[in-house]
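# A structural walkthrough
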Amino acid sequence: GMYIEQGDGVEIIHLHFPGLERDDLSLRSEDGVLFVGVNGREHAIPTTSPAKASQVKAKLENDILHLDVPL
């Protein structure tokens, strides 16, 4: 599942990936679209404003991937 909240100048996207290991994870952006790769399968993540992977903070806790995307 996915849950999105708006913070102060940031959009926080929470993604549930059961059993996910940090090593199985990749993050990239292309033309403002953010892609999360899990075990080689990529998922396009909807963001309010164009995203750059280099500016996204990713944190993995208890099978939940938290992405902080600057607005």
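All figures in this text were calculated on a predicted structure; none of them were measured in a lab. (Residues numbered from 1 in each chain as written. Predicted model: local features only at pLDDT ≥ 70, side-chain atom pairs only at ≥ 80, totals over all residues. Heavy atoms only, no water.)

## So, the overall build of the protein
- Counting its secondary structure elements, the protein contains 0 helices and 7 strands.
- In the protein, the succession of helices and strands from N to C terminus is β-β-β-β-β-β-β.
- Over its C-alpha atoms the protein spans a radius of gyration of 11 Å, differing by no more than 12% from the 11 Å that the globule rule assigns to 71 residues.
- Each of the three principal axes of the protein carries a C-alpha extent, and together these read 30 × 25 × 20 Å.
- Taken as a whole, the protein presents about 4500 Å² of accessible surface, with 47% of it coming from carbon and sulfur.
- In the protein, the 6 positive side-chain charges and the 12 negative ones have mean positions that sit 4 Å from each other. (Helix = DSSP H or I, 4+ residues; strand = E, 2+ residues; numbered from the N terminus. Rg over C-alpha atoms; globule rule 2.2 N^0.38 Å. Areas by Shrake-Rupley, 256 points an atom, 1.4 Å probe, with all protein chains shown as cover. Lys, Arg positive; Asp, Glu negative; His and termini not counted. Charge placed at Lys NZ, Arg CZ, Asp CG, Glu CD.)

## Some thoughts on the packing of aromatic side chains
- The final tally for this structure, using the stated rule, is 0 aromatic pairs.
- The residue whose ring lies beneath Arg28 is Phe35, and the NZ or CZ to ring-centre distance is 4.5 Å. (Phe/Tyr/Trp six-rings, centres within 6.5 Å; stacked < 30°, edge-to-face > 60°. Lys NZ or Arg CZ within 6 Å of the ring centre and 35° of its normal.)

## So, the sheet that holds strand S4 (residues 33–38)
- Spatial strand order, S3-S4-S5: 3 strands in an open sheet with antiparallel pairing. With one partner strand each, in any of the chains shown, strand S3 (25–30) and strand S5 (41–45) form the two edges of the open sheet. Each strand axis lies, on average, 25° off the axis of its neighbour in the sheet, ignoring direction. (Pairing = 2+ DSSP bridges. Axes fitted to C-alpha atoms, helices over the stretch in contact; angles between N-to-C directions.)

## Some thoughts on the nonpolar core
- One finds Leu15, Phe17, Leu34, Val36, Leu65, Leu67 and Val69 to be the most contacted residues of the largest nonpolar core, which totals 15 residues.
- Elements with a contribution of two residues or more to this core: strand S2 (10–16), S4 and strand S7 (64–70).
- Those residues in contact with Leu67 that lie beyond four places of it in its chain are Glu11, Ile12, Ile13, Leu15, Leu27, Leu34, Val36, Val56, Lys57 and Ala58. (Core = buried A, V, L, I, M, F, W, Y, C linked by side-chain atoms within 4.5 Å. Buried < 20%, exposed > 50% of the residue type's maximum accessible area, 1.4 Å probe, protein only. Contact = heavy atoms within 4.5 Å.)

## What to know about the sheet that holds S7
- Spatially, the 4 strands line up as an open sheet ordered S1-S2-S7-S6, and their pairing is antiparallel. The open sheet terminates on both sides in strands that have one partner only, identified here as strand S1 (2–6) and strand S6 (57–61). In this sheet, adjacent strand axes meet at a mean angle of 15° when their direction is disregarded.
- As paired strands, S2 and S7 are joined by 7 bridges and run antiparallel to one another. In the sheet register, Val10 faces S7, and the bridge partner there is Pro70.

Keep in mind these numbers describe shape, not what the thing actually does.
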